[in-house]
Amino acid sequence: MARAVVGQATIGVVLAGGRSRRMGRDKALLAHPECGSFLEHAEALLRTLPLAQVVTSGARPGGIEDLVPERGPLGGLYSVALATGADAALVIPVDMPLLRRAHLAELLLEGQRRGCPCYFENCFFPLWLPLNQPCLDYLCRAVAGSAHNSVGALLRHLGAKSISLTNDGKWHRNINTPADYLGLGMPDKISENRFLRDH
Ligand SMILES: Nc1nc2c(ncn2[C@@H]2O[C@H](COP(=O)(O)OP(=O)(O)OP(=O)(O)O)[C@@H](O)[C@H]2O)c(=O)[nH]1
């Protein structure tokens, strides 16, 4: 279980729960083109940023397990907020292996400057999210089933702001299916053959 963080602390969160139904295997453990697994890469990326702590959301070693299972990303965020007591979170999903530090650093600065949830237009993750009372209240209701349980609904409720994407490209691509993964054009060492052999 993560330590409590006191003060104006922004933590980094890797969302790594869920069922990976479309992939058919745990997305977090897929080999990453640059280092280790998707999960290891996401955690390492967040550790390059000025964050009070980096935590992983999901039932895995060292992770913060969801208090209420099967409630999706908001269920994970709710449990992380309660377990850490952090003031804000820079949230990335484990299935965006092409995320770059520069984008996250920009989002972190913009979130801290504006004080409201911030994300890049057309994609809700990565996300800078203040874990303030309105946010906690919404997460609680979403987990309990009395508010719409989607990231979009949470962001609308909190009056989130989107940042325009100056440098587009593939960095925000989600990898949800085996075809997505193979489409990454992995280097030889983690090529299609290995992915298929692992099945
Ligand atoms: N902690 C936590 N994270 C989740 C949960 N569901 C999804 N996530 C994470 O949220 C991000 C988006 O997940 P999705 O792709 O929508 O769902 P998924 O379960 O990973 O995959 P599918 O079963 O194929 O929909 C991923 O980083 C998941 O690891 C959950 O119930 N708890």
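Because the structure is predicted, anything quoted here is derived from the model rather than measured. (Residues numbered from 1 in each chain as written. Predicted model: local features only at pLDDT ≥ 70, side-chain atom pairs only at ≥ 80, totals over all residues. Heavy atoms only, no water.)

Assigned secondary structure in the protein consists of seven helices and six strands. For the protein, the sequential pattern of α-helices and β-strands runs β-α-β-α-β-α-β-β-α-α-β-α-α. Burial analysis of the protein (199 residues in total) assigns 51% to the buried set. For the protein, the proportion of contacts with a sequence separation of at least 24, taken over those separated by at least 6, is 70%. (Helix = DSSP H or I, 4+ residues; strand = E, 2+ residues; numbered from the N terminus. Buried < 20%, exposed > 50% of the residue type's maximum accessible area, 1.4 Å probe, protein only. Contact = heavy atoms within 4.5 Å.)

We now examine the side chain of S79. Structurally, S79 can be placed in helix α2 (residues 72–84). A distance of 3.0 Å separates a polar atom in the side chain of S79 from the backbone oxygen of G75. Once residues within four sequence positions are removed from consideration, S79 is found in contact with I64, E65, D66 and L67. (Polar contact = N/O pair within 3.5 Å; in protein donor to acceptor, adjacent residues only side chain to side chain.)

This paragraph deals with the sheet that holds strand β1 (residues 10–15). Spatial strand order, β2-β1-β3-β5-β4-β6: six strands in an open sheet with mixed pairing. One side of each edge strand has no neighbouring strand; the edge strands of this open sheet are β2 (54–57) and β6 (161–163). In this sheet, neighbouring strand axes are inclined to one another by 25° on average, regardless of whether the strands run parallel or antiparallel. Bridge count between strand β4 (residues 118–120) and strand β5 (residues 127–130): two bridges; the pairing is antiparallel. Considered in β5, the bridge of C118 is made with W128. Across the sheet, helix α1 (residues 38–47) is in contact with β1, β2 and β3 (88–93); its angle to β1 comes to roughly 165°. Packing of helix α5 (residues 151–158) onto the sheet brings it into contact with β4 and β5, and relative to β5 it is tilted by some 55°. (Pairing = 2+ DSSP bridges. Axes fitted to C-alpha atoms, helices over the stretch in contact; angles between N-to-C directions.)

A separate point is the packing of helix α4 (residues 133–144) against α5. At their nearest, the axes of α4 and α5 sit 10 Å apart, and the two run at 145° to each other. Between α4 and α5 lies a crossing whose hand is right-handed. Between α4 and α5, the residues in contact are P134, C135, Y138, L139 and R141 and A153, L154, H157 and L158, respectively. Among the residues forming the contact of α4 with α5, the class breakdown is seven nonpolar, one polar and one charged. (Left-handed = near helix turned anticlockwise from the far one by under 90°. Nonpolar A, V, L, I, M, F, W, Y, C, P; charged D, E, K, R; others polar.)

Our focus in this paragraph is the site of the ligand. Around the ligand lies a shell of 18 residues, among which L15, G17, R21, S57 and D66 are the nearest. G17 is positioned with one of its backbone polar atoms (N or O) 2.7 Å from an oxygen atom of the ligand. The separation between a nitrogen atom of the ligand and a polar side-chain atom of D66 is 2.6 Å. Look at the ligand: alone it shows 610 Å² of surface, and the protein chains cover 85% of it. In terms of residue count, α2 provides more of the shell around the ligand than any other element does, three residues in total. In terms of residue class, the shell around the ligand is made up of five nonpolar, seven polar and six charged. (Near = heavy atom within 4 Å. Areas by Shrake-Rupley, 256 points an atom, 1.4 Å probe, with all protein chains shown as cover.)

This brings us to a nonpolar patch on the surface. There is a patch of nonpolar side chains on the surface, built from L67, V68 and L82 and spanning about 260 Å² of accessible area. By secondary structure assignment, the location of L82 is in helix α2. L82 gets classed as partly exposed once you look at its relative accessible area, which sits at 47%. (Patch = residues over 30% accessible without salt bridge, like charges linked within 9 Å, V, L, I, M, F, W, Y side chains within 5 Å. Salt bridge = Lys/Arg side-chain N within 4 Å of Asp/Glu carboxyl O.)

Here we take up the environment of A88. Take A88: it is sitting in strand β3. Considering only alpha carbons, one finds A88 and P130, 42 residues apart in sequence, at a separation of 4.0 Å. Sequence-distant contacts of A88, defined by excluding residues within four places in its chain, comprise A9, T10, I11, W128, L129, P130 and L131.

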